[in-house]
Amino acid sequence: MAEVTIYLVDAFTATPGEGNRAGVVFDAGHLSVDEMQAIAAFANVSETAFLINANAADDYDLHVRYFTPSTEVPICGHATIASHFLRSLKLNLPSGRVMAKTGAGILPVDIERTNDDIKIIMTQGKPEIGDILNEDHIDEALSALGLLRNDLIEDLPVQSTSTGHGKVIIPIKEVEKLHQLTPDKEALKRLTKKIGHTGYFVMTIHDDGPYKTHGRMFAPAIGIDEDPVTGNGNGPAGLYMAHHGVLDFDKSTSYYGIQGEAMGKPGVIEVRVFKEKNAISKIQVAGSAVEAGQLKYNI
């Protein structure tokens, strides 16, 4: 019997118990897929990242696999921030770039370090604008979320977008309405079976104040009733807003979004959007994290 240490790390915050908690397992190359899944279920956080050391011949520095309590996913924003923050802290890494193999491809992760302050910048997967939901599916999504048509922001669609792990973006008018949502999880699961998209990112958009967006993300079909602060929700949201002209810029822009308020776990995420030849070319999410504890699992 061997003991596995699961580090608990809260991403997008400096306060333990806030932000979005991820599990992190170092030196996971000896673990089978079934063992990783069992460990993620035991950790019972939205995602657990398993760090697998690269070989000298590999064209990447690190292999990272991500598991929810019920399934493997290609990539996860907050678990990327959490795992690379902890790795940087434990190994005392300087500022620099790590090439990480993920289910969304080999992606750069940048470390910005100033004394004891560590910020992790994650370049997400290929920006892809997906389908606008048809009217019946919009009605199903709104019904499951407890929303009405007039809660939606006019002239902005309900649409899927992806930066490696797609989300359905649902823009609404009022922060108060956002915080009051109590989704029908089973209805969202049924809709996911029809449209194939696992996550629903509901957000408000603001022209003043410190945060461009307030958001909530629901993905019950993959075992996440609600994710407190998610890079794979906020990144696609930045892509969506750039695509629809909500973000007006020439080559690059950035803004801060806040999520997790309704859960009592607020976290702030920086979203960076880049263009080349008038096309959206790259999405990054950035933030810090804090170590919050450990679990032990025997295999």
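These numbers come from a predicted model, not from an experiment. All residue numbers here refer to positions counted from 1 along the written sequence of the relevant chain. Note on the predicted model: pLDDT of at least 70 is required for a residue's local features to be given, and 80 or more for side-chain atom pairs to be given and counted; whole-chain, interface and lining totals, by contrast, use all residues. The side-chain quantities take in all heavy atoms of the structure and omit both hydrogens and water.

**Student:** Just checking my understanding: could you explain the overall build of the chain for this structure?
**Tutor:** In this description a helix means any DSSP run of H or I spanning at least four residues, a strand means any run of E spanning at least two, and both kinds are numbered starting from the N terminus. The secondary structure content of the chain amounts to six helices and 18 strands. As a reference, a globule follows 2.2 Å times the number of residues to the power 0.38, and the radius of gyration itself is taken over C-alpha atoms. Computed over C-alpha atoms, the radius of gyration of the chain comes to 18 Å, within 12% of the 19 Å expected from 2.2 N^0.38 for 299 residues, which places it in the range of a compact globule. The C-alpha extent of the chain, read off along each of the three principal axes, is 55 × 40 × 35 Å. Considering only intrachain contacts with a sequence separation of at least 6, the fraction spanning at least 24 residues in the chain is 64%. Using the Shrake-Rupley algorithm and a 1.4 Å probe, accessible areas are obtained, with residue cover drawn only from the displayed protein chains. Summed over all atoms, the accessible surface of the chain reaches about 12900 Å², with 46% contributed by carbon and sulfur. When charges are tallied, Lys and Arg are placed among the positive residues and Asp and Glu among the negative ones, while His and the ends of the chain are skipped. Where a charge lies is defined by one atom per residue type, namely NZ (Lys), CZ (Arg), CG (Asp) and CD (Glu). Side chains of the chain carry 27 positive and 39 negative charges; the gap between the two charge centres is 2 Å. Any two residues whose heavy atoms approach within 4.5 Å are treated as being in contact.

**Student:** Before we go on, may I ask you to explain the layout of surface pockets in this structure?
**Tutor:** Any empty space left between atoms is shown by rolling a water-sized probe over those atoms. We place a 1 Å grid over just the protein atoms. Points where a 1.4 Å probe fits but has no way out form a cavity, open points with protein on both sides within 12 Å along at least 5 of 7 lines form a pocket, and any residue with an atom within 4 Å of a point lines it. Grid points are joined across faces, edges and corners, and a volume is the space filled by probe spheres set on the points. Volume-wise, the largest pocket comes out at about 260 Å³. If you go around the largest pocket, you meet 17 residues; those closest to its centre are Asn20, Val45, Ser46, Pro228 and Lys265. Looking at the lining of the largest pocket, the elements that each hand over two or more residues are β2 (20-25) and β14 (224-227). Here the lining of the largest pocket gets three residues from one element, more than from any other, and that element is β14.

**Student:** What should I look at first to understand helix α5 (residues 185-195) in this one?
**Tutor:** Residues spaced three or four apart along an α-helix face the same direction, because each turn holds 3.6 residues. Think of it in three bands: residues with accessible area under 20% of the maximum for their type are buried, residues over 50% are exposed, and the middle band is partly exposed, with areas taken using a 1.4 Å probe on protein chains only. For α5, every residue scored as buried is listed here: Ala187, Leu188, Leu191, Thr192 and Ile195. The buried residues of α5 occupy an angular sector of 145 degrees when the element is viewed end-on, so they sit on one face. Its buried side turned inward, α5 meets α3 (135-145), β11 (167-171), β12 (200-205) and β13 (213-219). The backbone nitrogen of Glu186 has a side-chain oxygen 3.2 Å away, supplied by the residue at the start of α5, namely Asp184. Immediately downstream of α5, the backbone of Gly196 shows phi near 85 degrees, a positive value. By definition, the arc is the one covered by directions from the helix axis to the C-beta atoms. Whenever two N or O atoms come within 3.5 Å, that pair is a polar contact, provided that in protein one can donate a hydrogen and the other can accept it, and provided that, for residues adjacent in sequence, both atoms are side-chain atoms.

**Student:** Explanation requested: the nonpolar core in the structure shown.
**Tutor:** Side chains of a nonpolar character, in soluble globular proteins, are inclined to be buried together. In terms of nonpolar packing, the biggest core is built from 52 residues, with Val9, Tyr66, Ile120, Met203, Leu247 and Val273 touching the most fellow members. Not counting chain neighbours up to four residues away, the residues in contact with Tyr66 comprise Thr48, Ala49, Thr71, Glu72, Val73, Pro74, Ile75, Cys76, Ala79, Thr80 and Thr102. Membership of the second largest hydrophobic core comes to 21 residues, among which are Leu152, Val168, Ile172 and Ile195. What is meant by a nonpolar core is a set of buried Ala, Val, Leu, Ile, Met, Phe, Trp, Tyr and Cys residues, joined one to another through side-chain atoms within 4.5 Å.

**Student:** How should the packing of α3 against α5 be read in this particular structure?
**Tutor:** Two packed helices can be described by the angle between their axes and the distance between those axes. Where α3 contacts α5, the two axes come as close as 9 Å, and the packing angle between them is 160 degrees. Viewed along their axes, α3 and α5 adopt a mutual orientation that is roughly antiparallel. Where α3 crosses over α5, the handedness of that crossing is left-handed. In contact with His137, Glu140, Ala141, Ala144 and Leu145 of α3, α5 contributes Ala187, Leu188, Leu191, Lys194 and Ile195. Side-chain classes are defined by residue name, with Ala, Val, Leu, Ile, Met, Phe, Trp, Tyr, Cys and Pro counting as nonpolar, Asp, Glu, Lys and Arg as charged, and the others, Gly among them, as polar. Considered class by class, the residues forming the contact of α3 with α5 number seven nonpolar, one polar and two charged. Where helices are involved, their axes are fitted lines through C-alpha atoms of the stretch in contact, as for all axes, and angles between N-to-C directions lie from 0 to 180°. Working rule for angles: under 35 degrees goes down as roughly parallel, over 145 as roughly antiparallel, 65 to 115 as roughly perpendicular, anything else as oblique. Crossings are assigned a handedness: left-handed for a near helix turned anticlockwise from the far helix by less than a right angle, right-handed for a clockwise turn.

**Student:** I keep staring at the packing of aromatic side chains and nothing clicks. Help me out?
**Tutor:** The description of an aromatic ring pair rests on the distance of the ring centres and on the angle between the ring planes. Aromatic pairing here means that ring centres of Phe, Tyr or Trp (its six-membered ring) are within 6.5 Å. Orientation follows from the plane angle: under 30 degrees is stacked, over 60 is edge-to-face, and everything else is tilted. Scanning the model with the defined rule gives three aromatic pairs in all. Ring geometry for Tyr7 and Phe26: centres 5.5 Å apart, planes at 80 degrees, overall edge-to-face. Within this pair, whereas Tyr7 is found in strand β1 (residues 3-11), its partner Phe26 is found in the loop between β2 and α1 (33-43), the two being separated by 19 residues in sequence. Ring centres of Phe42 and Tyr297 lie 5.1 Å apart, and the angle between their planes is 55 degrees; this geometry places the pair in the tilted category. In this pair, Phe42 is assigned in helix α1 and Tyr297 in strand β18 (residues 289-298), connecting sequence segments 255 residues apart. The ring centre of Phe249 lies 4.5 Å from the NZ or CZ of Lys275, which sits over that ring. Throughout this description, the term charge over a ring refers to an Arg CZ or Lys NZ atom that lies within 6 Å of the ring centre and within 35 degrees of the ring normal.

**Student:** Looking at this structure, I do not really get unusual backbone geometry. What am I missing?
**Tutor:** Among all residues except glycine, the phi angle is most often negative; among peptide bonds, the trans geometry is most common. Although it is not a glycine, Phe12 adopts a positive phi angle of roughly 65 degrees. Residue Phe12 is classed as buried on the basis of its relative accessible area, which comes to 4%.

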